[in-house]
Every structure is written in C-alpha cells, then in structure tokens.
Amino acid sequence: MEYKNPIGVNINLETGVIPGAKKLVRRLSDLKGYFQDEEAYSELLKDDPVVYEVYAVEQEESEGDLNFATTVLYPGKVGREFFFTKGHFHAKPDRAEIYYGIKGKGGMLLQTPEGKAEWIEMGPGTVVYVPPYWAHRTVNTGNEPFIFLAIYPADAGHDYGSIKEKGFSKLVIEENGEAKVVDNPRWKE
Ligand SMILES: O=C(CO)[C@@H](O)[C@H](O)[C@H](O)COP(=O)(O)O
Ligand SMILES: [Fe+2]
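Being a predicted model, the structure only gives us computed values, none of them experimental.

What counts as what
Residues numbered from 1 in each chain as written. Chains lettered and ligands numbered in written order. Predicted model: local features only at pLDDT ≥ 70, side-chain atom pairs only at ≥ 80, totals over all residues. Heavy atoms only, no water. Helix = DSSP H or I, 4+ residues; strand = E, 2+ residues; numbered from the N terminus. Rg over C-alpha atoms; globule rule 2.2 N^0.38 Å. Buried < 20%, exposed > 50% of the residue type's maximum accessible area, 1.4 Å probe, protein only. Contact = heavy atoms within 4.5 Å. Lys, Arg positive; Asp, Glu negative; His and termini not counted. Charge placed at Lys NZ, Arg CZ, Asp CG, Glu CD. UniProt positions renumbered as here; feature names shortened; annotations may be inferred. Pairing = 2+ DSSP bridges. Axes fitted to C-alpha atoms, helices over the stretch in contact; angles between N-to-C directions. Donors = N, O, S within 2.8 Å, 3.2 Å for Na, K, Ca; no water. Near = heavy atom within 4 Å. Polar contact = N/O pair within 3.5 Å; in protein donor to acceptor, adjacent residues only side chain to side chain. Areas by Shrake-Rupley, 256 points an atom, 1.4 Å probe, with all protein chains shown as cover. Nonpolar A, V, L, I, M, F, W, Y, C, P; charged D, E, K, R; others polar. Core = buried A, V, L, I, M, F, W, Y, C linked by side-chain atoms within 4.5 Å.

S.K.: Explain the overall build of the chain to me, using residue names and the numbers behind them.
M.R.: Tallying secondary structure elements over the chain gives two helices and 13 strands in all. Its C-alpha radius of gyration of 16 Å places the chain within 12% of the 16 Å reference for a compact globule of 189 residues. Overall, the chain is about 55 × 35 × 30 Å in size when its C-alpha atoms are taken along their principal axes. The 189 residues of the chain split such that 43% are buried. Summarising the internal contacts of the chain: among those between residues at least 6 apart in sequence, 68% fall at separations of at least 24. Separation of charge centres in the chain, based on 22 positive and 30 negative side chains, amounts to 3 Å.

So this is what it looks like as structure tokens:
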C-alpha cells in the first residue's frame, strides 16, 4: 500500500494566503451575467477589479479524500448588490462541505435545486455546514476582505451551470447602509 504524505500548513489569517496552494483569481469580467444591474456592471468593468481569489490545496478526485481552500472575497458592489462568488452545486451533488469564517463580514446564500434559499451570516469563527444537494455562494457585506476556509470532498467537483443561468432566488443588496436579503425579480422556477 502506498500512503500519501500528511500536510500541515499555516493559513495567513490576515491575508488568507495558504503557502504552496494553487491560486485562482476571479475578476469582474469572469462574472459576466451574474449581477442584476447590467449598467453598473459595464461601468465597473472598465477597471475590471478582482472580486475574489481562491488558494486551494486539492487532491486527485477520489472518494474519501478531502480538499481545502481559502477564499479572499473583496468588498464592493455592482449597483446595490454586494460582491459575491459565482456559486455552485457540487458535480457530485450529494457531497457536503464545511466553511469556516476567518476574517471580515459576510454570509452564505444556499439554495436547493427547487430554488428554496437560505441566508447564513458569517464572521470570524462561524462554521457553516453545507448539506448535500445545496448550492452555495458567499457574499461580502462588509468593507474589508471577507476571508474563509472551505473543506470539501476531493470528488465533489463544481457544477456552475444552473446558477450561472438562473442565479439564486434571493439577492443580497445594500439598503440604508445595511445588508438586506430580497427576492430576485429575475428568478424563474
Ligand atoms: O465551495 C467551495 C469548494 O467546493 C469553495 O472553495 C469555492 O469554490 C470558492 O469559495 C469560490 O467560489 P466558486 O467560484 O467556486 O463558487
Ligand atoms: Fe462547494
């Protein structure tokens, strides 16, 4: 039997960086069609800001193994809508996940395949259990980077398709200086 080597790394709790991890950068241009306010989107696109970065330590897909990754989600808004991650179901939809809040302020939108949505606020120390079959997207509702760790099955994969097409049934917007979760007017069952 060949055994894999254990790994121990320190996450930089200020920056979210995991030394040696694979870095992925998502700019606003990677999120075309995701935000409600298309005019505000086009305007902001001139600067094409980084919306989030992911630092992932991933194994080859195999049942029973685990991946982990930090996400650094920058503060910002497109119109009234706060910056968010794309959001996805897992390619193996029954794979669950754990998120752990490290820094900043935000939350997670979760949604069943039928479109029932839940919002969970997150800050440093918050653990979120993402059950099997729930799509999930994080949102930065603060004014500093929102940083969290995700731990997920190595064979979970990502299925971005349906969220890209239909979005979530709820939006997280700013109203009178506060984060508010409202119905998505463009949502179709
Ligand atoms: O949920 C997971 C992995 O299953 C996170 O590591 C996200 O992949 C990351 O926060 C970026 O979000 P997406 O662009 O993948 O939606
Ligand atoms: Fe996930």
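S.K.: Let's hear about the environment of Lys-32: which residues, and what values?
M.R.: Looking at the secondary structure, you find Lys-32 in the loop between strand 1 (22–27) and helix 1 (38–45). Setting aside residues no more than four positions away along its own chain, Lys-32 makes contact with Tyr-41 and Lys-164.

S.K.: Explain the UniProt feature "domain: Glucose-6-phosphate isomerase prokaryote" (unreviewed entry) in the chain residue by residue, including any values.
M.R.: Per the UniProt record, the feature "domain: Glucose-6-phosphate isomerase prokaryote" (unreviewed entry) sits at residues 25–180. As annotated, residues 25–180 comprises 9% helix and 44% strand, and the C-alpha atoms at either end are separated by 27 Å.

S.K.: How would you summarise the sheet that holds strand 8 (residues 117–122) if you had to cite specific residues and measurements?
M.R.: The strand order across the open sheet formed by three strands is 8-7-10, and the pairing between neighbours is antiparallel. The strands lining the two open edges of the sheet, one partner per strand, are strand 8 and strand 10 (135–140). Averaged over all adjacent pairs, the angle separating strand axes in this sheet is 20°, with direction ignored. Both strand 7 (residues 106–111) and strand 8 contribute to a ladder of six bridges, which runs antiparallel. Within the sheet, the bridge partner assigned to Gly-106 lies in strand 8 and is Met-122.

S.K.: Hey, could you go over the coordination of the iron ion (ligand 2) for me, with residue numbers and the actual values?
M.R.: Here the iron ion (ligand 2) is held by His-88 (NE2), His-90 (NE2), Glu-97 (OE) and His-136 (NE2), and the distances to it run 2.1 to 2.3 Å. Each donor residue of the iron ion (ligand 2) belongs to the same chain, and together they define the spacing H-x1-H-x6-E-x38-H. With Glu-97 in strand 6 (residues 97–103) and His-136 in strand 10, this residue pair connects regions lying 39 residues apart in the sequence. This pair shows no difference in class: Glu-97 is buried, exactly as His-136 is.

S.K.: Can you lay out the site of ligand 1 for me, pointing to particular residues and giving the numbers?
M.R.: Taken together, 16 residues are adjacent to ligand 1, and Tyr-52, Thr-71, Gly-87, Tyr-99 and Tyr-160 come closest. Side-chain polar atom of Glu-97 to an oxygen atom of ligand 1: 2.9 Å apart, as the coordinates give it. A distance of 2.6 Å separates an oxygen atom of ligand 1 from a polar side-chain atom of Tyr-99. Across the complex, the protein chains shield 97% of the 400 Å² of accessible surface that ligand 1 would expose by itself. Listing elements by their share of the shell around ligand 1, those giving two or more residues are strand 2 (50–57), strand 6 and strand 11 (146–153). A per-class count over the shell around ligand 1 returns seven nonpolar, seven polar and two charged.

S.K.: Describe in detail the pairing of strand 7, supporting the description with residues and values.
M.R.: For a regular strand, side chains alternate in direction, first toward one face of the sheet and then toward the other. Of all six residues that make up strand 7, six are buried, and the element is covered over most of its length. Taking the residues between adjacent antiparallel strands as the criterion, strand 7 and strand 8 are bridged by five residues, where Gly-115 takes a positive phi near 100°. As paired strands, strand 7 and strand 10 are joined by six bridges and run antiparallel to one another. By the bridge assignment for strand 10, Leu-109 is matched with Arg-137.

S.K.: An account of the nonpolar core is needed here, citing residue identities and associated values.
M.R.: In terms of nonpolar packing, the biggest core is built from 34 residues, with Phe-35, Val-51, Val-78, Tyr-99, Met-108, Met-122 and Val-130 touching the most fellow members. Counting residues per element, the ones that place at least two in this core are helix 1, strand 2, strand 3 (66–73), strand 7, strand 9 (127–130), strand 10 and strand 11. Counting residues in each nonpolar core, the second largest holds eight residues, with Tyr-55, Ile-102, Ile-147 and Leu-149 among its members.

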